[in-house]
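# Results of the structural survey
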Amino acid sequence: MKFFAASQSADADTWADAFAVDGVFHDPIGEPPIVGRPAIREFIVSVLPNFSPFLGLTPREAHTVGNSVAVCWSGAAVTTTGTPVNWSGINVYDLDDDGLIHEARAYFNRAIFQAQLDR
């Protein structure tokens, strides 16, 4: 939940802190993974200025098995030029023993997301 709450408040530090120090973020699957909390924070910091506001990701449904959680979510933001952007997907999280994200795999259609930015 820390991951989602931090996305909704556009808090890059707290968002990155949801990951283990050596966490891995595939955003989305198919892109090169972002490895390590500092790199994940840098990635988040690079994305947020493109939106005003970045409304974040809202979890819709979650399924947990052991230390793995699959979450259906929807995202919303407004570009700095006023274009609304909406997207959705599923993230699969593997958590460590402290409840931090060891690996996050995001499944969403980047082309649909990008097409909204290109309007």
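Keep in mind that this is a model prediction, so the values were computed, not measured. (Residues numbered from 1 in each chain as written. Predicted model: local features only at pLDDT ≥ 70, side-chain atom pairs only at ≥ 80, totals over all residues. Heavy atoms only, no water.)

Moving on, we come to the pattern of salt bridges. Overall, the coordinates contain five salt bridges when judged by the stated rule. The partner of Arg 37 in a salt bridge is Asp 17, and the shortest N-O contact between them spans 3.9 Å. Residue Arg 37 is found in helix α3 (residues 37-47), and its partner Asp 17 is found in helix α2 (residues 12-17); the two are separated by 20 residues along the sequence. For Asp 17, a relative accessible area of 33% gives the class partly exposed. Between Asp 94 and Arg 105 there is a salt bridge, with the nearest N and O atoms lying 2.9 Å from each other. On the criterion of sequence distance, the pair formed by Asp 94 in strand β5 (residues 84-95) and Arg 105 in strand β6 (residues 101-107) is long-range, its members being 11 residues apart. By relative accessible area, which is 19% here, Arg 105 ends up buried. By sharing partners, the salt bridges in this structure join Asp 94, Glu 103 and Arg 105 into a single network. (Salt bridge = Lys/Arg side-chain N within 4 Å of Asp/Glu carboxyl O. Helix = DSSP H or I, 4+ residues; strand = E, 2+ residues; numbered from the N terminus. Buried < 20%, exposed > 50% of the residue type's maximum accessible area, 1.4 Å probe, protein only.)

So, about the side chain of His 26. Note on placement: His 26 falls in strand β1 (residues 19-26). Look at His 26 and you get buried, because its relative accessible area is 14%. When near neighbours in sequence (up to four residues on either side) are disregarded, His 26 contacts Pro 33, Glu 103, Ala 104, Arg 105 and Ala 106. (Contact = heavy atoms within 4.5 Å.)

For the rest of this paragraph, the subject is the sheet that holds β6. Taken in spatial order, the six strands of this open sheet run β2-β1-β6-β5-β4-β3, and their pairing is mixed. Two strands bound the open sheet, and with one partner strand each, they are β2 (34-35) and β3 (51-65). The sheet strands contacting α3 are β1, β2 and β3, and the helix crosses β1 at an angle near 55°. Sheet strands touched by helix α4 (residues 110-117): β3, β4 (68-79) and β5. Its angle to β5, the strand with the most contacts, is close to 150°. (Pairing = 2+ DSSP bridges. Axes fitted to C-alpha atoms, helices over the stretch in contact; angles between N-to-C directions.)

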